[in-house]
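# Coordinates in review
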Amino acid sequence: MFVVGFAALGQGAAHADESRAHFSGKRLVVEILGGELVGGLATALTFRGLCDGTDCFGSAMLAFGADAAITPIAVWGLGKAMGGAGSLGYAYVGSSIAFAPFGVTGSPDETPGDTLTRVEIEVAISSILLAPCSALAYEATSQLRWSREHAMTVGVQPLRDQRNVDGAIGMVSARW
């Protein structure tokens, strides 16, 4: 009788968890906005703390690194607080898609100023994409049953030309 009661308790808890873990558009919006806010704050504080006013390229790269490290944690934390059941690991995997702009190569006759401008644009685009990509992956894994049934996967594949890596493509796939 104890075993039957324990099994019934376990099943009820599983159904309650499944109903909370479904994909939520409202939660997705809050995760994106919160991730952008927290990531932007981490970027600004890191940059202001490290840049001495002369050459701040290294400070900018470290600030972007802080953004890339903090944003998925913020998305995961907000999702958990709002009843999501996604994975922190997949929040990081999803955020890796935001690094795709760094695959853009410069022209052979690019000046150092042009290179700096291109890298600044790549950093800005990647910073903006971090929270949405992370939140989408978190929400996709939040609906555990759906993602298991539909074999949800996220990946980044390098694109190669004859000499070297020429870029990357991010993929999200599922089976219906």
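This section reports on the structure supplied with the text. Computed from a predicted model, the values in this text were never measured in an experiment.

Listed in full, the seven residues of the largest apolar core are F64, A68, A98, V119, V123, L130 and C133. Mapped by element, the contributors of at least two residues to this core are α3 (57-81) and α5 (112-142). Examining the composition of this core, we find that four residues originate from one element, α5, more than from any other. Core analysis: the next-biggest nonpolar cluster, separate from the first, contains five residues, L28, V75, A91 and Y138 among them.

All right, on to the packing of aromatic side chains then. Under the criterion given, the structure shown has three aromatic pairs. On the basis of an interplanar angle of 80 degrees and a centroid distance of 5.6 Å, the ring pair of F64 and F99 is categorised as edge-to-face. Separated by 35 residues along the polypeptide, F64 in helix α3 and F99 in the loop between α4 (88-96) and α5 bring together distant segments of the chain. Judged by relative accessible area, which is 6%, F64 ranks as buried. The exposure class of F99 is partly exposed, given its relative accessible area of 33%. The structure contains a cluster of three or more aromatic residues connected by ring pairs, namely F64, F99 and F102.

Cut-offs applied
- Residues numbered from 1 in each chain as written.
- Predicted model: local features only at pLDDT ≥ 70, side-chain atom pairs only at ≥ 80, totals over all residues.
- Heavy atoms only, no water.
- Core = buried A, V, L, I, M, F, W, Y, C linked by side-chain atoms within 4.5 Å.
- Buried < 20%, exposed > 50% of the residue type's maximum accessible area, 1.4 Å probe, protein only.
- Helix = DSSP H or I, 4+ residues; strand = E, 2+ residues; numbered from the N terminus.
- Phe/Tyr/Trp six-rings, centres within 6.5 Å; stacked < 30°, edge-to-face > 60°.

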